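Secondary and tertiary structure notes
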Amino acid sequence: SNLPSVAIVILNWNGRTFLQQFIPSVIQSSYPNKRVIVADNASTDDSLNFLATHHPQVEIVRNDNNYGFAKGYNEALKKVTADYYVLLNSDVEVEKNWIEPVITLMEADRQIGACQPKILSWHDKTMFEYAGASGGWLDNFGYPFMRGRVFDICEKDQHQYDTVQPCFWASGAALFVRAELYHRLDGLDEYFFAHQEEIDFCWRLQLSGYKVYAHPSSVVYHVGGGTLPKGNSRKVFLNFRNNLVMLYKNMPLSEAFWKIPFRISLDGLAAWKGLLSGDSGYFMAIFNAHLHFIKWLFFEKHQRVLKKNKQLTGWYRGSIVWDYYIKKKRSFFEIVGIK
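Okay, so let's go over this structure. This is a predicted model, so every value here is computed, not measured.

What about the overall build of the protein?
Regarding its fold elements, the protein presents eleven helices and 14 strands. When its C-alpha atoms are laid out on the principal axes, the protein stretches across 50 × 40 × 40 Å. Of all 339 residues assigned to the protein, the portion counted as buried reaches 56%. In the protein, the share of contacts with a sequence separation of at least 24, taken over all contacts with a separation of at least 6, comes to 76%. Entry remark: accessible area of the protein is about 14,900 Å², with carbon and sulfur atoms responsible for 55%. Side-chain charges in the protein split into 38 positive and 33 negative, and the spacing between the mean points of these groups amounts to 5 Å.

Considerations on the packing of helix H6 (residues 197-207) against helix H7 (residues 233-250)
H7 packs onto H6 with a crossing angle of 10° between their chain directions and a minimal axis gap of 10 Å. Relative to H7, H6 is oriented roughly parallel. On H7, the residues touching Ile-199, Asp-200, Trp-203, Arg-204 and Leu-207 of H6 are Met-246, Leu-247, Lys-249 and Asn-250. When grouped by side-chain class, the residues that make up the contact of H6 with H7 number five nonpolar, one polar and three charged.

Examining the pairing of strand E1 (residues 6-12)
Within a regular strand, side chains alternate between the sheet's two faces. Counting buried positions over the seven residues of E1 gives seven, a clear majority of the element. Going residue by residue along E1, you find Val-6, Ile-8, Ile-10 and Asn-12 tucked away on one face and Ala-7, Val-9 and Leu-11 tucked away on the opposite face as well. As paired strands, E1 and strand E4 (residues 84-88) are joined by five bridges and run parallel to one another. Considered in E4, the bridge of Val-9 is made with Leu-87. Here E1 pairs with strand E2 (residues 34-41) via seven bridges, running parallel. Residue Ile-8 lies in a different strand from E2, and its bridge partner there is Val-36. Each parallel crossover has a hand, and the one from E1 via helix H1 (residues 16-27) to E2 is right-handed.

Examining the packing of aromatic side chains
Taken as a whole and assessed by the stated rule, the structure comprises 26 aromatic pairs. When the centroid spacing of 5.0 Å and the interplanar angle of 70° are considered together, the rings of Trp-272 and Phe-283 count as edge-to-face. A residue pair is termed long-range when its members are at least 10 positions apart, and Trp-272 in helix H8 (residues 253-276) and Phe-283 in helix H9 (residues 280-299) qualify at eleven residues. Phe-283 sits in the buried class, given a relative accessible area of 17%. An angle of 75° between the planes, with centres 4.8 Å apart, marks the rings of Tyr-324 and Tyr-325 as edge-to-face. Among the aromatic residues, those joined into a ring-pair cluster are Phe-128, Trp-137, Phe-145, Tyr-161, Tyr-316 and Phe-332. One cation-aromatic arrangement involves Arg-149 over Tyr-130; the distance from NZ or CZ to the ring centre is 3.7 Å.

Re the packing of H7 against H8
Relative to each other, H7 and H8 sit at 165°, their axes nearing to 9 Å. The angle between H7 and H8 falls in the class roughly antiparallel. Where H7 crosses over H8, the two elements pack in a sense that is right-handed. Contacts from Phe-240, Asn-243, Leu-244, Leu-247 and Tyr-248 in H7 reach Leu-253, Ile-260, Arg-263, Ile-264 and Asp-267 in H8. In the contact of H7 with H8, the residues fall into seven nonpolar, one polar and two charged.

Brief notes about H8
Taking 1.5 Å as the rise per residue, H8 with 24 residues should run 34 Å; its terminal C-alpha atoms sit 34 Å apart, in good agreement. If you look at H8, its biggest bend is around 25°, right at Lys-259, and the proline Pro-261 turns up within four residues after that. Among all positions of H8, only Ala-256, Lys-259, Ile-260, Arg-263, Leu-266, Asp-267, Gly-268, Ala-271 and Gly-274 are buried. Its buried side turned inward, H8 meets H7, H9 and strand E14 (315-316). Backbone geometry just downstream of H8 places Gly-278 in the positive-phi region, at approximately 95°.

Quick word on the side chain of Lys-259
For Lys-259, the location among the structural elements is in helix H8. Residue classification places Lys-259 among the buried positions, given a relative accessible area of 3%. A polar atom in the side chain of Lys-259 sits 2.9 Å from the side chain of Asn-140. With residues up to four places along the chain from it excluded, the contact list for Lys-259 reads Asn-140, Phe-141, Met-251 and Trp-315.

Some remarks on the pattern of salt bridges
This structure, assessed with the given rule, holds 14 salt bridges. Residue Arg-16 pairs with Asp-46 through a salt bridge whose shortest N-O separation is 2.6 Å. You can see Arg-16 sitting in helix H1 and its partner Asp-46 sitting in the loop between E2 and helix H2 (47-54), a full 30 residues away along the chain. Residue Arg-16 is classed as partly exposed on the basis of its relative accessible area, which comes to 24%. Asp-46 gets classed as partly exposed once you look at its relative accessible area, which sits at 33%. For Glu-93, the salt bridge goes to Lys-125, with nearest N and O atoms at 3.3 Å. Placement of the pair is Glu-93 in strand E5 (residues 92-94) and Lys-125 in the loop between strand E6 (112-121) and strand E7 (136-139), with a sequence separation of 32 residues. Among the residues examined, Lys-125 registers a relative accessible area of 38% and is labelled partly exposed. Each of the salt bridges in this network shares a partner with another, and the network as a whole consists of Asp-189, Asp-200, Arg-204 and Lys-249.

What counts and how
- Residues numbered from 1 in each chain as written.
- Predicted model: local features only at pLDDT ≥ 70, side-chain atom pairs only at ≥ 80, totals over all residues.
- Heavy atoms only, no water.
- Helix = DSSP H or I, 4+ residues; strand = E, 2+ residues; numbered from the N terminus.
- Buried < 20%, exposed > 50% of the residue type's maximum accessible area, 1.4 Å probe, protein only.
- Contact = heavy atoms within 4.5 Å.
- Areas by Shrake-Rupley, 256 points an atom, 1.4 Å probe, with all protein chains shown as cover.
- Lys, Arg positive; Asp, Glu negative; His and termini not counted.
- Charge placed at Lys NZ, Arg CZ, Asp CG, Glu CD.
- Axes fitted to C-alpha atoms, helices over the stretch in contact; angles between N-to-C directions.
- Parallel < 35°, antiparallel > 145°, perpendicular 65-115°, else oblique.
- Nonpolar A, V, L, I, M, F, W, Y, C, P; charged D, E, K, R; others polar.
- Pairing = 2+ DSSP bridges.
- Right-handed = clockwise from strand over helix to strand, strands pointing away.
- Phe/Tyr/Trp six-rings, centres within 6.5 Å; stacked < 30°, edge-to-face > 60°.
- Lys NZ or Arg CZ within 6 Å of the ring centre and 35° of its normal.
- Left-handed = near helix turned anticlockwise from the far one by under 90°.
- Expected span 1.5 Å × (residues − 1).
- Bend = angle between axes of the 7 residues up to and from the residue.
- Polar contact = N/O pair within 3.5 Å; in protein donor to acceptor, adjacent residues only side chain to side chain.
- Salt bridge = Lys/Arg side-chain N within 4 Å of Asp/Glu carboxyl O.

What follows is the structure in structure tokens.
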């Protein structure tokens, strides 16, 4: 085929149920020059036996340990050659023609390094899904939000965010990325383990002079919370710790010096709010996240990103904490003023 090669790589860890339910839709994708690959993080269930028996056309790459999302993909993708990778969660159902619009867009503009489809909730296909919606943004203090989701409020999809647009970050639930760029930027940051590593990657991508897009003509449906349920203490810990690490790595130092302490104080307010409402696990998860960030900052080997591009798309100069909690703005359009 003259079409670019696309490797759809699904990271799996004991996900037999999701594979059984969702991999048929991936196999039936209409794009001709594709491979479907399951990268297995040393599962102990019968995932691989199931695939061998029922879907022998699916390739398997075996990792020798459960490396989490970031290192799991980095290890697996060392063994996969393609023009484009699609990092796809195992709990995602795809529409038949979901690949074509994104590849057409990325082939037309070689500066687009990564792209995501529109991500709707599998449980209610009229609603945007928490983990990606219609393209990720970041506010002035590093809080992620999306066209279609602000904090815990997911909007109904009324085609209000159907324009093809650049954004700050593309969701790791269904991430299209140029394979050559993935390796050139050293892939996902393995320290993150899971959560926000795709935001960090897209930030580094933009700083290297590339663009990130959302293409809402491509549609997928995400179950969400498949590995770590929302509200899980481990998930809270990773989200808060990784966000601070990401800010330090990618922000100009002149900004990081005052924004990170401010963020820590905002996180502290969230922790105390959780404690006072009876959620001591939430409080401890944020407290531990801050301790681990400080340990990372002073004792771990880390490097800041060399910046070539200072113009970041999808960066909101305001504060969504202020807009959401004080001004009571609930939708992306109310806050940013664009669709």
